[in-house]
Amino acid sequence: AEPDRLDQIDFPVRTVTVVVPFAKGGPTDTVARLITAEMAKTLGQPIEIENMLGAGGTLAATRVAHAAPDGHTLIVGHLGTHGAAVALFPKLAYRPDKDFTPVALLTEMPVLLLARKQFPPKDLSEFASYVKSHTDNLNVAHAGFGSVSYASCLLLNRLLKVDPTGVPFSGTGPALQALVEGQVDYMCDQIVNAVPALREGKVKAYVIAASERDPVVPDVPTAREAGLPGFQVGAWTGLFAPRGTPEPIVAKLNAAVSRALDQSDVRTRLTDLGALVPRPEQRAPVVLAQLVQEEISRWEDVVKGTTP
Ligand SMILES: O=C(O)C[C@@H](O)C(=O)O
């Protein structure tokens, strides 16, 4: 929509609340804060981030699904809350593909397999045999049933045919802290969260669940290189409004996201952490709607064990 038309839309009329379904300081929170700070300038109203924790992000998504569809309550959802959660929670209280109006894709980013610094295996093949022989004594950190970290390590554990104990946290921010402190053994996390700890040598990474190495962590081998080609997880975050949000409001929010993604400092900070900024043609609400559909079916297959 043209800027002139968008200027005439009487929105927002007060503070916009963007719900982040995980703990402060984690990957979703980091992406949300970077982008919404810039959106607030465009929209001319403050944007307040509300971290609503619990149940792998699904409590927050349930809340926003039932919020007034006026654009003032939004959620940053992701591959977990708006994809994998459908298969993981047989009684999920919302339908990611029906109870929301997609606004825009915010970022895409690969997932890495991280371990505490002193974890003995040297590479992924040693990791696989070590985890098999020590399954009963290992703890895998995740951000709750339905989160990206849970779903990604479920796929990994399926591929390796292991079933270690999971330890839930309110987000991978605190989970990573526990990994740094050596309280848990390994986790699958989005690159944005992992990069600062990797750069400081506080944790190690065995593999990037992507088809190509990432320039931000060039030493981490791809899944194929490491001998586990099926370990592919392209995580993403997206902005969603409740179902029934009027199209002009969605268009205005979408334009504000796009403008934020084009700000060079926002781009630099995101790409420096390994996130990919969606290209202009990837920013339409319909792209996010399709992604949600694809992820729902992909993770149904992973959870059922029909395709790894
Ligand atoms: O889904 C996850 O693993 C949690 C993560 O996105 C977070 O922000 O803590």
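Note: the structure precedes this text.
Residues numbered from 1 in each chain as written. Predicted model: local features only at pLDDT ≥ 70, side-chain atom pairs only at ≥ 80, totals over all residues. Heavy atoms only, no water.

### With respect to the overall build of the protein
Here comes step 1: When you go through the protein residue by residue, the secondary structure sums to 11 helices and 9 strands.
Here comes step 2: A compact globule built from 308 residues would reach a C-alpha radius of gyration of about 19 Å, and the protein, at 19 Å, matches this within 12%.
Here comes step 3: Reported as C-alpha extents along the three principal axes, the dimensions of the protein are approximately 65 × 40 × 30 Å.
Here comes step 4: Buried positions account for 56% of the 308 residues belonging to the protein.
Here comes step 5: Counted over contacts in the protein with a minimum sequence separation of 6, partners at least 24 positions apart contribute 78%.
Here comes step 6: When the accessible surface of the protein is split by element, carbon and sulfur atoms take 51% of a total near 12800 Å².
Here comes step 7: Placing the 29 positive and 33 negative side-chain charges of the protein at their respective mean positions leaves the two points 3 Å apart. (Helix = DSSP H or I, 4+ residues; strand = E, 2+ residues; numbered from the N terminus. Rg over C-alpha atoms; globule rule 2.2 N^0.38 Å. Buried < 20%, exposed > 50% of the residue type's maximum accessible area, 1.4 Å probe, protein only. Contact = heavy atoms within 4.5 Å. Areas by Shrake-Rupley, 256 points an atom, 1.4 Å probe, with all protein chains shown as cover. Lys, Arg positive; Asp, Glu negative; His and termini not counted. Charge placed at Lys NZ, Arg CZ, Asp CG, Glu CD.)

### Considerations on empty space enclosed by the protein
Here comes step 1: Taken as a whole, this structure holds 1 cavity of 30 Å³ or more when the rule is applied.
Here comes step 2: Of the voids in this model, the largest cavity is the one considered here, and its volume is about 50 Å³.
Here comes step 3: Tallied by class, residues from the lining of the largest cavity come to 4 nonpolar, 6 polar and no charged. (1 Å grid on protein atoms, 1.4 Å probe; cavity = no way out; pocket = protein on both sides within 12 Å on 5 of 7 lines; lining within 4 Å. Points joined across faces, edges and corners; volume = space filled by probe spheres on them. Nonpolar A, V, L, I, M, F, W, Y, C, P; charged D, E, K, R; others polar.)

### Concerning the site of the ligand
Here comes step 1: Around the ligand, the structure places F22, G26, P27, T28, H78, A143, S147, V148, S149, G171, T172 and Q190.
Here comes step 2: A distance of 2.6 Å is found between an oxygen atom of the ligand and a side-chain nitrogen or oxygen belonging to S149.
Here comes step 3: One of the backbone nitrogen or oxygen atoms of T172 is found 2.7 Å away from an oxygen atom of the ligand.
Here comes step 4: Of all elements in the fold, only α2 (27-43) and α6 (148-160) reach the threshold of two or more residues within the shell around the ligand.
Here comes step 5: Among the residues making up the shell around the ligand, the classes are represented as 4 nonpolar, 8 polar and no charged. (Near = heavy atom within 4 Å. Polar contact = N/O pair within 3.5 Å; in protein donor to acceptor, adjacent residues only side chain to side chain.)

### Side note on the side chain of T73
Here comes step 1: Residue placement: T73 occurs in strand β3 (residues 73-78).
Here comes step 2: Non-local contacts of T73, meaning those with residues more than four positions away in its chain, are made with T17, R63, V64, A67, A241 and P242.

### As for helix α11 (residues 285-304)
Here comes step 1: Taking 1.5 Å per residue as the helical rise, α11 with its 20 residues ought to reach 28 Å, and the 29 Å between its terminal C-alpha atoms agrees with that figure.
Here comes step 2: Those residues of α11 not exposed but buried are L288, L291, V292, E295, I296, W299 and V302. Relative to the axis of α11, the buried residues are bounded by an arc of 140° and lie together on one face.
Here comes step 3: At the exit of α11 stands G305, carrying a positive phi of roughly 80°. (Expected span 1.5 Å × (residues − 1). Arc of directions from axis to C-beta.)

### Considerations on the nonpolar core
Here comes step 1: Among the nonpolar cores identified, the biggest contains 108 residues, and M39, L113, F127, L156, Y186 and F231 are the most heavily contacted of them.
Here comes step 2: Ranked by the residues each element gives to this core, the list is headed by strand β4 (residues 100-116), at 11 residues.
Here comes step 3: Once residues within four sequence positions are removed from consideration, M39 is found in contact with I47, L239, L253, A256, V257 and A260. (Core = buried A, V, L, I, M, F, W, Y, C linked by side-chain atoms within 4.5 Å.)

### Section: the environment of K117
Here comes step 1: Note on placement: K117 falls in the loop between β4 and α5 (124-134).
Here comes step 2: Separated by 62 residues in the primary sequence, K117 and L179 place their C-alpha atoms 8.3 Å from one another.
Here comes step 3: When sequence neighbours within four positions are dropped, the list of residues in contact with K117 reads G201, K202, V203 and K204.

### Focus on the pattern of salt bridges
Here comes step 1: Taken as a whole and assessed by the stated rule, the structure comprises 14 salt bridges.
Here comes step 2: The residue D272 makes a salt bridge to R199 at a minimum N-O spacing of 3.6 Å. Of this pair, D272 sits in helix α10 (residues 264-272) while R199 sits in helix α8 (residues 191-199), and the two are 73 residues apart along the sequence.
Here comes step 3: A relative accessible area of 49% places R199 in the partly exposed class. (Salt bridge = Lys/Arg side-chain N within 4 Å of Asp/Glu carboxyl O.)

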